[in-house]
Amino acid sequence: MQDIAEQLLAWHTSGRSFAVATVVGVTGSAPRDPGAALAVDADGEAIGSVSGGCVEGAVYELCRAAIESGEPVLERFGYSDEDAFAVGLTCGGILDVFVQPVRPGADPALDAGIALIADGTPVALARVVAGPAGLLGATVAVTADTHHGLLSPAPSVAAPLDRAVVAEARAMLDAGRTGRLVLGLDGRPCDEHGQGTVTLFVESYVPAPRMLVFGAIDFAAAVVRIGKFLGYDVTVCDARPVFATERRFPEADRVVVDWPHRYLDTQLDRLDGRTVLCVLTHDAKFDLPLLERALRLPVGYIGAMGSRRTHREREAGLRAAGLTDAEIGRLRSPIGLDLGARTPEETAVSVAAEIVAHRRGGSCLPLSAGTGPIHHDLAQDLAAAEDSRETAAARRARKPHAA
């Protein structure tokens, strides 16, 4: 929903009613991730998308109906092979879509959440999408140090549940994560939704993830452009003022003249697990002090440009500086996937492809070479890998030892 937040804020500020349809669950291969949203205002204007076209018409009508009735609804869309024109997903997946009407001034918690988004304050909106009658659509807006709204008008009854919602939503906000949350009425986490549980969809509105590009070279300009295309807040940093200029990097959010490692030291409170570092200088006097610090930070991706020989020399320098093999193993070098790239633009595509694959858990193989789902769930992939390792370990434990 963050993609359409600016227009939603405009509608809300003008006092215009609207409905927001949000993807709150995905099963199998589906075109959009949880959090994708389509909104329709009282005049019938539509923005956003929940499926890339498969079920947009049906969702549009659900939004119009929700505006009229004022009632939220949870709808499931799946594949239909009986009627080629039926409302369904041709990709074979299943989407759970929650449609919520919004009337400015009617829900103080939702109004507060929208105001916080407008101010740029990080906030998580936790909305009930399934549960007991009367709770559907109830919203709690949670920031790092406060919250707005309750799930029940009787605080003494809902106190454990509300405390759990605030704590869990705050943890998700801190991680910049959006997803479902299932709790029992006593506030305890549950594995599956059902009778006696409340299912919430938590949307974290946080600043755009950061991409720090070190090295103001021609390849950096292309990486900046594709970084912006992917939705990153992009900084270019180089110690050489003749190269690090806004004229050379007009699409960067900021251009900094400083030694890379010194600039990184000033940004520690603005880095998180979504942060991407692209080290493009391939000059040891810049790279080594920077990577020595970066590889010890909890950032999402660190890649460095250079030949394989440069990489071997870089590894030796990092080991001499005291970094462990595990820390050095986080470095993606030479940076990017093997696409046969030559030009700066092709190289930028290679770098972006590796960043996306690393973030989403992609195999980096052609889709035509596999038979599984084309949309990865990194958490599920990691869980499957862990199950596989445990199964293998159990099999080895059962195997009789040689005499």
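From a predicted model like this one, the values you see are computed outputs, not experimental measurements.

What counts and how
- Residues numbered from 1 in each chain as written.
- Predicted model: local features only at pLDDT ≥ 70, side-chain atom pairs only at ≥ 80, totals over all residues.
- Heavy atoms only, no water.
- Helix = DSSP H or I, 4+ residues; strand = E, 2+ residues; numbered from the N terminus.
- Expected span 1.5 Å × (residues − 1).
- Contact = heavy atoms within 4.5 Å.
- pLDDT = per-residue confidence, 0-100.
- Salt bridge = Lys/Arg side-chain N within 4 Å of Asp/Glu carboxyl O.
- Buried < 20%, exposed > 50% of the residue type's maximum accessible area, 1.4 Å probe, protein only.
- Polar contact = N/O pair within 3.5 Å; in protein donor to acceptor, adjacent residues only side chain to side chain.
- Patch = residues over 30% accessible without salt bridge, like charges linked within 9 Å, V, L, I, M, F, W, Y side chains within 5 Å.
- Areas by Shrake-Rupley, 256 points an atom, 1.4 Å probe, with all protein chains shown as cover.
- Pairing = 2+ DSSP bridges.
- Axes fitted to C-alpha atoms, helices over the stretch in contact; angles between N-to-C directions.
- Parallel < 35°, antiparallel > 145°, perpendicular 65-115°, else oblique.
- Left-handed = near helix turned anticlockwise from the far one by under 90°.
- Nonpolar A, V, L, I, M, F, W, Y, C, P; charged D, E, K, R; others polar.

Engineer: For helix 8 (residues 308–320), give the residues involved together with the corresponding values.
Structural biologist: Taking 1.5 Å per residue, 13 residues should reach 18 Å; helix 8 reaches 18 Å between its end C-alpha atoms and fits that length. Looking at the buried residues of helix 8, the elements they touch are helix 7 (284–294), strand 15 (301–304), helix 9 (325–328) and strand 16 (331–332). After helix 8 finishes, the residue G322 shows a positive phi value of roughly 100°.

Engineer: So what about the confidence of the model for the protein chain? Which residues, and what values?
Structural biologist: On average, residues of the protein chain score 85 in pLDDT, and 84% of them reach the 70 mark or higher. Contacts from residues 81–86, a stretch scored under 50 in pLDDT, to residues over four places away or in other chains number one contact. A low-confidence stretch, residues 382–388 stays under pLDDT 50, and its non-local contacts, those more than four residues away or across chains, total zero contacts.

Engineer: Would you mind going over the pattern of salt bridges in detail, with residue names and values included?
Structural biologist: Scanning the model with the defined rule gives 18 salt bridges in all. Between E345 and R225 there is a salt bridge; the shortest N-O distance is 3.0 Å. Taken together, the residues E345 in helix 10 (residues 344–360) and R225 in helix 5 (residues 218–229) connect sequence positions 120 residues apart. For E345, a relative accessible area of 42% puts it in the partly exposed group. Ionic pairing is found between R309 and E313, a salt bridge with its closest N-O pair at 3.3 Å. Here R309 pairs with E313, and both are found in helix 8, just four residues apart, close to one helical turn.

Engineer: Mind laying out the side chain of S204, listing which residues take part and the relevant values?
Structural biologist: Residue position: S204 is located in strand 10 (residues 197–205). Its relative accessible area of 8% is what places S204 among the buried residues. One polar contact links the side chain of S204 to the main-chain carbonyl oxygen of M172, over a distance of 3.4 Å. Polar side-chain contacts of S204 include one of 2.6 Å to the backbone oxygen of R177.

Engineer: Provide a residue-level description of a nonpolar patch on the surface, including the pertinent values.
Structural biologist: The grouping of F229, L230 and V356 at the surface amounts to a nonpolar patch, some 310 Å² of accessible area in total. Looking at the secondary structure, you find V356 in helix 10. Classification of V356 as partly exposed rests on a relative accessible area of 38%.

Engineer: Run through the sheet that holds strand 3 (residues 46–48), naming residues and quoting values.
Structural biologist: Strand order in this open sheet of five strands is 3-2-1-5-4, and the pairing throughout is antiparallel. Across the chains shown, the open sheet's two edge strands, defined by having one partner strand only, are strand 3 and strand 4 (73–77). Neighbouring strand axes in the sheet, compared pairwise and without regard to direction, differ in orientation by 20° on average. Of the strand pairs in this sheet, strand 4 and strand 5 (residues 94–102) are connected by five bridges, and their pairing is antiparallel. Its bridge partner lying in strand 5, L74 is registered against F98. Contacts between helix 2 (residues 56–69) and the sheet are confined to strand 1 (18–27), strand 2 (37–41), strand 3, strand 4 and strand 5, with strand 2 contributing the most and set at about 45° to the helix.

Engineer: Which residues make up unusual backbone geometry, and what values go with them?
Structural biologist: Each neighbour pair has its own omega, and for S333 with P334 the value is -5°, a cis peptide bond. Checked against the element boundaries, P334 lands in the loop between strand 16 and helix 10. Despite not being glycine, H282 shows a phi value in the positive range, around 35°. Mapped onto the fold, H282 is located in the loop between strand 14 (276–279) and helix 7. Non-glycine residue C364 carries a positive phi angle of around 70°. The residue C364 is located in the loop between helix 10 and helix 11 (378–398) in this model. Taking the relative accessible area as the measure of exposure, C364 reaches 47% and is therefore partly exposed.

Engineer: Talk me through the packing of helix 7 against helix 8; I want residue IDs and the actual numbers.
Structural biologist: Between helix 7 and helix 8, whose axes approach to 10 Å, the crossing angle comes to 55°. By the angle class used here, helix 7 and helix 8 are oblique. Crossing of helix 7 against helix 8: the hand is right-handed. Between helix 7 and helix 8, the residues in contact are D287, L288, L291 and E292 and R314, G317 and L318, respectively. Here the residues of the contact of helix 7 with helix 8 sort into three nonpolar, one polar and three charged.

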